[in-house]
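So you can see what is in the structure, the chains are spelled out below.
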Number of protein chains: 2
Amino acid sequence: MNFKKEAIKLHEGLKGKIEIKPKIKVNQKILSLIYTPGVAEIVRLIHKNKADVYKYTGRGNTIAIISDGSRVLGLGNQGAEAALPVMEGKALIYKTFGNVNAIPLCLKTQDAQEIIKIVENLAPNFGAINIEDIESPKCFEIVEALTQRLDTPVFHDDQHGTAVVTVAGLLNALKVVKKKLEMVKIVILGAGAAGYGIMTLLHYAGARNMLVLDSQGIIYEDRANLNKYKEHIARITNPRRERGRLGDALKNGDVFIGVSGQKNILTQKQMKSMKKHPIIFALSNPDPEIMPQEARKGGAAVIATGRSDIKNQINNDICFPFIMRKILDEHRKKIDELFLYATAKKIASTVKKVRADKIIPTINEMKPL
Amino acid sequence: MNFKKEAIKLHEGLKGKIEIKPKIKVNQKILSLIYTPGVAEIVRLIHKNKADVYKYTGRGNTIAIISDGSRVLGLGNQGAEAALPVMEGKALIYKTFGNVNAIPLCLKTQDAQEIIKIVENLAPNFGAINIEDIESPKCFEIVEALTQRLDTPVFHDDQHGTAVVTVAGLLNALKVVKKKLEMVKIVILGAGAAGYGIMTLLHYAGARNMLVLDSQGIIYEDRANLNKYKEHIARITNPRRERGRLGDALKNGDVFIGVSGQKNILTQKQMKSMKKHPIIFALSNPDPEIMPQEARKGGAAVIATGRSDIKNQINNDICFPFIMRKILDEHRKKIDELFLYATAKKIASTVKKVRADKIIPTINEMKPL
């Protein structure tokens, strides 16, 4: 049976990857305690002191996975129903690796203001919100507004999770080539959730010589039609106001980070213009910006992809359940760069013997953060 | 330890009554099938044909329990957080007795239009919606609008569930006293979700001589300040345009149904004005409108309460998981009186030997409907 057919058969058999499980076996006595009349006392206590909701309910270990299906995997706008099997898969991984109870909630609306309003109104049920597979820049607007308005942390895995694992990998890769983050030139191909998140966290971590490229090429101040997030990118990157395409950007570069969704866009020839011992993170899935064997021929000192079948897998999938576990355990109210950077350093430090082909743990090597 | 302390201790220990459970154990192969890249094929299939969401995800067996906490148990407006432990309890019962995966979603907003909008946007995730503990008449407005707009069935347990179990009990009680539903005079005390639901279903079943009372007394056409739901009650009940209080309403009555929340409001003296062999359903919890021993002295032929510690428990808690199971199994799009009445008759028929003290099954005697 081929892979697609196998996936279909498995999904058809399961009819849902997660289910609800009672935490207690019910008898008449238990029922009277956890439901009427006994639960009335708990209602009164929480009504008196809202914070007690964490003491007496599952809120503290329950999160929502919110998507509008506008950018599902690499497939574009697929809508709420089609996004559901992905969010169920994510919920399964959350529970299996992080013991987090995650509820998939795919929304029919794709309007940012409506999504913000809905999530605000759902917040009382959840210890954290995971925003997922919403197209950019809408996702940034939603994450920003919710982070401001809610006391419940808003984790945007495509942005925050990808940034954490990429920075973790880069910290170790730089050790291999004995370069300093503050000194290297970093070229980020892709200015969506991942590119924006990586750029922001690298800037926080001390990187000062970055170029970010979108489909129009290098982002620079005063380029036409920049949205507010790309304006922000332009302000804190590109110190020499470079212009041009990927080939121009890579000249004298130390690090390439591809989160572009473009297969084989990086060439050996382009790599030749980079500095000695370049670090190549070709993270697009399933097809990296350059295949590892090509990158090696091009002189790469460290190579990583997003794929699980190649060494050095840099993929938010390996860390999101652990990051969320940490968010919930620490009773965080907000996600900030301080927290994300500390988490990246922690993940980097779990690799005991850093080598060119071992810069990041696998999901099975991950430990509580 | 007293009962309240025991409830608190149990809730504190559990920290949530339900949790998410993976339906499959994960290894690298399984991960690649149920998450990226394998899940992409499922996304494409559902995107092509939305109905396939029932084939490949858990939607068909997952429901939302929606509340705004505006009328929690008998405690009034308690807000979203305080409503959460009740909805978790309900979810636990749904799974235990109906194998239904129910997700508690308590909303911060208490605005009917906002609630309608939110539920519409959440519908793609759910096989049915359970509306719970929202004050009337707001709950009717919400149920009506959602039933119209959604292809997903909207079950209002306080209204539909209570009506089903009450009608089931009444069908059997009438057998005991050998009276016909079409002929008896029925007095319903309480015009909230329960009273409205019971009246509507009894009317559908053929009852033509009903009086419904709210805090202002008997509801009649042209009474001042009737909302649209009470106007509807006035139109299809009270054929002789009676006015007055409970004492007036009960004269020559055959059946009393109390869903008023008023303890000991029905007196033996009032019962004396009823016809021979009156049926007394004093369903308010925890304190019925009349205690059974009093009702017996007053000449009641059949007595039921909402309490589990007294024979003939008429309480939606005994049937909602089974009704929902049936809704999901039959892939219903709407809840209507035809369905509710058929369900009531089915429940009534599960009592093999109907007697005055055995008109309704217990939750443990309930079978799939």
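Going by the structure above, here's the rest.
Residues numbered from 1 in each chain as written. Chains lettered and ligands numbered in written order. Predicted model: local features only at pLDDT ≥ 70, side-chain atom pairs only at ≥ 80, totals over all residues. Heavy atoms only, no water.

1. What to know about the overall build of chain A
Here is step 1 of the chain: Helices and strands together make up the secondary structure of chain A, namely 15 helices and eleven strands.
Here is step 2 of the chain: Dimensions of chain A, computed from the C-alpha atoms along their principal axes, are close to 75 × 50 × 40 Å.
Here is step 3 of the chain: Within chain A, counting contacts between residues at least 6 apart in sequence, those at least 24 apart form 68% of the total.
Here is step 4 of the chain: Carbon and sulfur atoms make up 50% of the accessible area of chain A, which totals about 14,500 Å².
Here is step 5 of the chain: Positive and negative charge centroids in chain A, built from 57 and 38 side chains respectively, lie 6 Å apart. (Helix = DSSP H or I, 4+ residues; strand = E, 2+ residues; numbered from the N terminus. Contact = heavy atoms within 4.5 Å. Areas by Shrake-Rupley, 256 points an atom, 1.4 Å probe, with all protein chains shown as cover. Lys, Arg positive; Asp, Glu negative; His and termini not counted. Charge placed at Lys NZ, Arg CZ, Asp CG, Glu CD.)

2. Focus on the relation of the copies chain A and chain B
Here is step 1 of the chain: Mapping chain A onto chain B leaves a residual RMSD of 0.0 Å; the transformation is a rotation of 180° accompanied by 0.0 Å of translation along its axis. The operation mapping one copy onto its partner corresponds to a two-fold rotation axis. Judged by C-alpha distance, Ile 20 of chain A is the residue of chain A that lies nearest the rotation axis, at 2.4 Å.
Here is step 2 of the chain: Interface overlap between copies: 100% of the residues of chain A at the interface are likewise at the interface in chain B, consistent with a symmetric, same-surface contact. (Least-squares fit on C-alpha atoms with pLDDT ≥ 70 in both.)

3. As for the packing of aromatic side chains
Here is step 1 of the chain: By the definition in use, this model includes ten aromatic pairs over all chains.
Here is step 2 of the chain: Taken together, a centroid distance of 4.7 Å and an interplanar angle of 75° make the contact between Tyr 94 of chain B and Phe 320 of chain B edge-to-face. Note that Tyr 94 of chain B is positioned in helix α5 (residues 79-98) and Phe 320 of chain B in helix α14 (residues 320-329), a separation of 226 residues in sequence. Across the pair, exposure class does not vary: Tyr 94 of chain B and Phe 320 of chain B are buried alike.
Here is step 3 of the chain: Taken together, the ring pairs connect Phe 140, Tyr 196 and Tyr 229 of chain A into an aromatic cluster.
Here is step 4 of the chain: Between Lys 90 of chain A and the ring centre of Phe 320 of chain A, over which it is positioned, the NZ or CZ distance is 4.0 Å. (Phe/Tyr/Trp six-rings, centres within 6.5 Å; stacked < 30°, edge-to-face > 60°. Buried < 20%, exposed > 50% of the residue type's maximum accessible area, 1.4 Å probe, protein only. Lys NZ or Arg CZ within 6 Å of the ring centre and 35° of its normal.)

4. Describing the sheet that holds strand β6 (residues 186-189) of chain A
Residue and element names in this part refer to chain A.
Here is step 1 of the chain: The strand order across the open sheet built from six strands is β8-β7-β6-β9-β10-β11, with neighbouring strands paired in mixed fashion. Each end of this open sheet is capped by a strand with a single partner; those strands are β8 (217-218) and β11 (302-305).
Here is step 2 of the chain: Sheet analysis places β6 next to strand β9 (residues 255-258), joined by four bridges and oriented parallel. Among the inter-strand pairings, Ile 188 is bridged to a residue of β9, identified as Ile 257.
Here is step 3 of the chain: Contacting β6, β9, β10 (279-282) and β11, helix α8 (residues 157-177) runs over the sheet at an angle of about 155° to β10. (Pairing = 2+ DSSP bridges. Axes fitted to C-alpha atoms, helices over the stretch in contact; angles between N-to-C directions.)

5. Digging into the state of the cysteines
Two cysteines, two sulfur atoms, one covalent bond between them: this is a disulfide.
Here is step 1 of the chain: For the structure shown, the criterion picks out zero disulfides over all chains.
Here is step 2 of the chain: A disulfide-free cysteine, Cys 106 of chain A has its sulfur positioned 16 Å from the sulfur of Cys 139 of chain A, the nearest such atom. (Disulfide = S-S within 2.5 Å.)

6. Some details on the nonpolar core
Here is step 1 of the chain: Ile 186 and Leu 202 of chain A together with Leu 170, Ile 186 and Leu 202 of chain B are the most contacted members of the largest nonpolar core, which totals 244 residues.
Here is step 2 of the chain: The contacts of Leu 170 of chain B, once residues within four sequence positions are left out, are Leu 181, Ile 186, Leu 202, Val 255, Ile 257, Ile 279 and Phe 281 of chain B. (Core = buried A, V, L, I, M, F, W, Y, C linked by side-chain atoms within 4.5 Å.)

7. Some remarks on the pattern of salt bridges
Here is step 1 of the chain: Going through the model one piece at a time under the given rule, you end up with 59 salt bridges over all chains.
Here is step 2 of the chain: The shortest N-O distance in the salt bridge between Lys 95 of chain A and Glu 19 of chain B comes to 3.0 Å. Of this pair, Lys 95 of chain A sits in helix α5 (residues 79-98) while Glu 19 of chain B sits in strand β1 (residues 18-22), placing the two residues on different chains.
Here is step 3 of the chain: The exposure class assigned to Lys 95 of chain A is buried, which follows from its relative accessible area of 10%.
Here is step 4 of the chain: Its salt-bridge partner being Lys 138 of chain B, residue Glu 135 of chain B comes within 3.7 Å of it at the nearest N-O pair.
Here is step 5 of the chain: Overall, Glu 135 of chain B belongs to the partly exposed group, its relative accessible area being 33%.
Here is step 6 of the chain: Lys 138 of chain B gets classed as buried once you look at its relative accessible area, which sits at 11%.
Here is step 7 of the chain: Overlapping salt bridges, with partners in common, bring together Lys 4 of chain A together with Glu 41 and Arg 44 of chain B in one network. (Salt bridge = Lys/Arg side-chain N within 4 Å of Asp/Glu carboxyl O.)

Any link to function would need more than the numbers given here.
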